[in-house]
Structure formats: C-alpha cells, structure tokens
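Examination of the molecular architecture
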Amino acid sequence: MAFSILGRNGQSKHGATGGPGKPRFGVLAEVRAYWEGLRENGRLPRRDQIDPRGIAGALEQVFLIERIAPGLARYRLAGMGVNNVLGMDVRGMPLSAMFDPAARERLTPALETVFQDNAALDFWLEAERSIGRPALEARMILLPLVGNQGQTDLALGCLALEGEVGRVPRRFAISALLSETVIVPRKQPQNTAPAVAPYANASGFAETASPFVPPRPPRGKPQLRLVKSGD
C-alpha cells in the first residue's frame, strides 16, 4: 500500500534524504529490503551475514546496536549521518543519547521488545527547535539480528533525516512508534540421545559398534571335576 507524508503546510518537503521525485525516507526501504533478503527460511539474519556492500546507498545512515541491559543498547557501529546528529562519534554511547528525556521513557520498553519478542520498530521523530536548530524530522527503524552467541542481542538500524541538522547536538521526541512482531520458525528439537561411536573394520567401512554383552552363566548346578596332579 502506497502512502505519502505531508508537512505542516500540507506540502511534501525535501531535505537530507529526499528530493524531487524521491520518496521521503526512502533509504529505510532499502535497508529493510536488504534485511528481509537475509532471512534464510524465515529466520532472523545473523550478524556475520551483514555485508556493507549490500546497503552501499544507505551506509551513512546505518548503525548497529547491541543490548547491554534490559531496555538499554549502545552503538557498536554508526555511519557519518548518525554521528553528525550528535556532533561526535557515537560508538559506545547509548542509543538513548539521541532522544530527549520524555522520549527515553518510551524508548526503553520498546527497545526491549526488539531483543525479547523479535520486534521490528519504526520511529517517527522530531527534533527540538531553537536558535541555530531548524526544523528537523527523522524516521528510524530497528531490525533484530542474531549475534555470535546465537542470541538476539543485536539490531540493525537506520536513521533517515529530513531537514537541516544545524547546531549540534540534536535530540528527538517520539511522535509515533510502530511495532511489528517478526514471525520466525521454531527451532527443531534436537536429539539428546548420546551417539554411539563408529569404528572402522578391516574392509574400511564405518560401522556402528554394538554394545558389549557379557556371556550368560551356565544354567543348573555347577559340576565339579577332580583334577589329580602327577607326582
């Protein structure tokens, strides 16, 4: 379904990520499509699958965050477009540093759903305005990723700006938030029975070793036999 977003005056606006004939925040669709393309058999993408060449047109707006505590995450990687919003390298900083205090209260529970519920988040943001800080709107998406330990503790993000950054730092309020639970297939149950080690016979083929079964004792009363030794 196609839709358009209009500015306060009812006219479509162009800025850092828009332009004549280009959709607003169109870079988000590129990142989302790339992420969807990495979902093998419907599962979440893994961190080691992310190749910057696959999202070359969006690298300045892309970032990677990792969960450090419930509802908290920090930047591991970030493009220059993300750094420019705060006027510094954001690596190691919390994701919440880009939000105003009121927005952080809303961000915390939403962020936890990314890691616990496999939720994909879409934020509509608006920066505070003052002298030297002109109108600035943004959209941000967060898409869950599986880390090296097999846990959903990472997320691929993209921040698309509309307007002028102006004097930094800029911080955003959340004007709208959409959450989508990503359905992933359940893991197949694993066989917990211990495997029997194979051995190679004289013909060179591997065979399954049969468990050792001790011989049964003879039935009935034991028979005694006198053994007479020689002189």
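What you see is a predicted model; the values in this text were computed from it and never measured.

So, on to helix α1 (residues 26-37). Along its 12 residues, α1 runs 17 Å from first to last C-alpha, staying within 8% of the 16 Å computed at 1.5 Å per residue. Buried residues in α1 make contact with β1 (62-69), β4 (136-145) and β5 (154-163).

Right, let's talk about the sheet that holds β5 for a bit. Strand order in this open sheet of 6 strands is β2-β1-β5-β4-β3-β6, and the pairing throughout is antiparallel. Looking at strand neighbours, the two that pair on one side only are β2 (72-78) and β6 (172-181), the edges of this open sheet. Adjacent strand axes in the sheet meet at a mean angle of 25 degrees when their direction is disregarded. Where β1 and β5 come together, 5 bridges link them in antiparallel fashion. Residue L64 lies in a different strand from β5, and its bridge partner there is L156. In the packing of α1 onto the sheet, the strands contacted are β1, β3 (119-127), β4, β5 and β6, and the crossing angle to β4 comes to about 5 degrees.

A few words now on the nonpolar core. Within soluble globular proteins, side chains that are nonpolar generally end up buried alongside one another. Counting 33 residues, the largest nonpolar core has I65, L95, L142 and L159 as the members making the most contacts within it. Those elements giving two or more residues to this core turn out to be β1, β2, α2 (80-86), α3 (101-116), β3, β4, β5 and β6. Here this core gets 6 residues from one element, more than from any other, and that element is α3. Setting aside its immediate chain neighbours within four residues, L95 contacts F63, I65, A73, R74, Y75, L107, L111, M140 and L142. V27, Y34, L145 and L156 belong to the second-largest nonpolar core, a separate cluster that totals 24 residues.

Applying the stated criterion across every chain yields a total of 13 salt bridges. Between R39 and E36 there is a salt bridge, and its shortest N-O distance comes to 3.5 Å. A residue is classified by how much of its surface remains accessible, and R39, at 19% relative accessible area, is buried. Residue R67 is joined to E112 by a salt bridge in which the shortest nitrogen-to-oxygen separation is 2.8 Å. Taken together, the residues R67 in strand β1 and E112 in helix α3 connect sequence positions 45 residues apart. The exposure class of R67 is partly exposed, given its relative accessible area of 28%. Overlapping salt bridges bring together R32, E36, R39 and E180 as one network.

Here we take up the packing of aromatic side chains. Counted according to the given criterion, the structure contains 3 aromatic pairs. Centre to centre, the rings of F25 and W124 are 6.1 Å apart; their planes meet at 90 degrees, and the pair counts as edge-to-face. You can see F25 sitting in the segment before α1 and its partner W124 sitting in strand β3, a full 99 residues away along the chain. According to the relative accessible area criterion, F25 is buried, its value standing at 3%. Judged by relative accessible area, W124 falls into the buried class, the value being 17%.

Before going further, it helps to examine the side chain of N83. Within the secondary structure layout, N83 lies in helix α2. Among all residues touching N83, those that are not within four sequence positions of it are A78, M88, D89 and V90.

Turning our eyes to something else, we now look at unusual backbone geometry. The step from V168 to P169 runs through a cis peptide bond, and the omega angle for that step is 0 degrees. Following the sequence through the fold, P169 ends up in the loop between β5 and β6. Even without being a glycine, N41 presents a positive backbone phi close to 55 degrees. Residue class for N41 comes out exposed when judged on its relative accessible area of 73%. The phi dihedral of N118 falls on the positive side, at around 55 degrees, and the residue is not glycine. Tracing the backbone through its elements, the reader meets N118 in the loop between α3 and β3.

Conventions used here
- Residues numbered from 1 in each chain as written.
- Predicted model: local features only at pLDDT ≥ 70, side-chain atom pairs only at ≥ 80, totals over all residues.
- Heavy atoms only, no water.
- Helix = DSSP H or I, 4+ residues; strand = E, 2+ residues; numbered from the N terminus.
- Expected span 1.5 Å × (residues − 1).
- Contact = heavy atoms within 4.5 Å.
- Pairing = 2+ DSSP bridges.
- Axes fitted to C-alpha atoms, helices over the stretch in contact; angles between N-to-C directions.
- Core = buried A, V, L, I, M, F, W, Y, C linked by side-chain atoms within 4.5 Å.
- Buried < 20%, exposed > 50% of the residue type's maximum accessible area, 1.4 Å probe, protein only.
- Salt bridge = Lys/Arg side-chain N within 4 Å of Asp/Glu carboxyl O.
- Phe/Tyr/Trp six-rings, centres within 6.5 Å; stacked < 30°, edge-to-face > 60°.

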